[in-house]
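Here's the letter readout for the chains.
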Amino acid sequence: MEAVKDNYLANHFIHRSNWLRAAVLGANDGILSTASLAIGVSAASDLREPIIVATLAGLVAGALSMAAGEFVSVSSQTDVEKADIEREKLELSEMPEIELLRLSEIYEQRGLTKETALKVATELTAHDALGAHIRDELGINDVSQAKPLQAAWASGAAFSVGGILPLLVTLFVPLPQMEYYLYGFALFFLILLGIVAAKTGGSSISKAILRITLWGTVAMGLTALVGYLFGVNLG
Ligand SMILES: [Zn+2]
């Protein structure tokens, strides 16, 4: 029985969605914002040191703000879930009959006959009333349940992994063509990430590549322009 459950869990993309979304978002952001920052500074500066320092500072600041942002947003989701569960407990203790009918209606809407729905609701209520309502009425389950610390770590770590790539580029490529190397490498890393995300998530690879190339070019292009204009003014 356990083997069937594990196999079912492994086969569906939805079960990979939470950490995948945070990881891909984080890595994508890490590559794009760090590379754009590096491109902007290298368009304005003829020295390697300021580019490396700015890229490193951007990497650290970005990773921390990404983790903090994810933690805060997922924590508020946890708060909402907790408040809903408390309200559910109250409703179950104050009006168990109405709650039983509500659960039965949910199963009816899912296609069971009135009799079967009531029978299922009665048996599940007898077995674990709160569990049944949390899962089937509130829609909170193991997969969707918010895990703030996990999400914060995942996106902070992913941002760092993504951001380290452009930083490595600023350390080793020739200074005069730095912007072009940064753009080329960043686009390559972004496309690679897009392919991994599309394959794991079961979505279209060509669409993912197109989307990333377009928005990556816009973001890095505009930052280079700002850096170049700034550089000219610095003279
Ligand atoms: Zn309920």
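Quick caveat: nothing in here was measured; it's all calculated off a predicted structure.

**Some remarks on the overall build of the protein chain**
Consideration 1: A tally of helices and strands in the protein chain yields eight helices and zero strands.
Consideration 2: In the protein chain, the succession of α and β elements from N to C terminus is α-α-α-α-α-α-α-α.
Consideration 3: Every one of the 235 residues in the protein chain was classed for burial, and the buried ones make up 34%.
Consideration 4: Considering only intrachain contacts with a sequence separation of at least 6, the fraction spanning at least 24 residues in the protein chain is 74%.
Consideration 5: For the protein chain, the exposed area adds up to about 14000 Å²; of that, 69% sits on carbon and sulfur atoms.

**Comments concerning the nonpolar core**
Consideration 1: Among the nonpolar cores identified, the biggest contains 21 residues, and Ile31, Ile39, Met178, Leu182, Ala186, Leu190 and Met220 are the most heavily contacted of them.
Consideration 2: Sequence-distant contacts of Ala186, defined by excluding residues within four places in its chain, comprise Ile31, Ala35 and Met220.

**Brief notes about the coordination of the zinc ion**
Consideration 1: Of the protein atoms, only Glu88 (OE), Glu99 (OE), His133 (ND1) and Glu137 (OE) coordinate the zinc ion, at distances of 1.7 to 2.4 Å.
Consideration 2: For the zinc ion, the four donor atoms in the first shell make angles of 81 to 142 degrees at the metal, so the coordination geometry reads as irregular.
Consideration 3: Ordering the donors of the zinc ion by residue number gives the pattern E-x10-E-x33-H-x3-E.
Consideration 4: On the basis of relative accessible area, His133 is assigned to the buried category, the value being 1%.
Consideration 5: Classification of Glu137 by relative accessible area gives partly exposed; the value is 24%.

**Description of the pattern of salt bridges**
Two side chains with opposite charge may pair up if their charged atoms get near one another.
Consideration 1: In the structure shown here, the tally under the stated rule is eight salt bridges.
Consideration 2: Residues participating in the shared-partner salt-bridge network are Glu91, Glu99, Arg102 and Glu137.

**A few points about the packing of aromatic side chains**
To describe a pair of aromatic rings, you give the distance between the ring centres and the angle between the ring planes.
Consideration 1: With the rule as written, the count across this model stands at two aromatic pairs.
Consideration 2: What links up through ring pairs into an aromatic cluster is the set Phe185, Phe188 and Phe189.

**Digging into the packing of helix α3 (residues 48-94) against helix α6 (residues 148-172)**
Consideration 1: Remark: α3 packs on α6, axes separated minimally by 8 Å, with the N-to-C direction vectors making an angle of 165 degrees. Regarding the angle of α3 to α6, the classification is roughly antiparallel. Two packed elements cross with a definite hand, and for α3 against α6 that hand is right-handed.

**Structural notes on the packing of α6 against helix α7 (residues 178-201)**
Consideration 1: Across the interface, α6 lies against α7 with an axial gap of 10 Å and an inter-helix angle of 150 degrees. One element, α6, and the other, α7, form an angle in the roughly antiparallel class. As α6 runs across α7, the sense of the crossing is right-handed. Residue-level inspection shows Leu165, Pro166, Val169 and Thr170 of α6 in contact with α7, the latter providing Met178, Tyr181, Leu182, Phe185 and Phe189.
Consideration 2: The class makeup of the residues in the contact of α6 with α7 is eight nonpolar, one polar and no charged.

**Thoughts on the layout of surface pockets**
Consideration 1: A volume near 300 Å³ is recorded for the largest pocket.
Consideration 2: In this structure, the largest pocket is lined by 15 residues; those nearest its centre are Val24, Asn28, Ala197, Arg211 and Ile212.
Consideration 3: Broken down by secondary-structure element, the contributors of at least two residues to the lining of the largest pocket are α2 (17-44), α7 and α8 (205-234).

Cut-offs applied
- Residues numbered from 1 in each chain as written.
- Predicted model: local features only at pLDDT ≥ 70, side-chain atom pairs only at ≥ 80, totals over all residues.
- Heavy atoms only, no water.
- Helix = DSSP H or I, 4+ residues; strand = E, 2+ residues; numbered from the N terminus.
- Buried < 20%, exposed > 50% of the residue type's maximum accessible area, 1.4 Å probe, protein only.
- Contact = heavy atoms within 4.5 Å.
- Areas by Shrake-Rupley, 256 points an atom, 1.4 Å probe, with all protein chains shown as cover.
- Core = buried A, V, L, I, M, F, W, Y, C linked by side-chain atoms within 4.5 Å.
- Donors = N, O, S within 2.8 Å, 3.2 Å for Na, K, Ca; no water.
- Tetrahedral: all angles 85-135°; square planar, octahedral: opposite > 155°, others 65-115°.
- Salt bridge = Lys/Arg side-chain N within 4 Å of Asp/Glu carboxyl O.
- Phe/Tyr/Trp six-rings, centres within 6.5 Å; stacked < 30°, edge-to-face > 60°.
- Axes fitted to C-alpha atoms, helices over the stretch in contact; angles between N-to-C directions.
- Parallel < 35°, antiparallel > 145°, perpendicular 65-115°, else oblique.
- Left-handed = near helix turned anticlockwise from the far one by under 90°.
- Nonpolar A, V, L, I, M, F, W, Y, C, P; charged D, E, K, R; others polar.
- 1 Å grid on protein atoms, 1.4 Å probe; cavity = no way out; pocket = protein on both sides within 12 Å on 5 of 7 lines; lining within 4 Å.
- Points joined across faces, edges and corners; volume = space filled by probe spheres on them.

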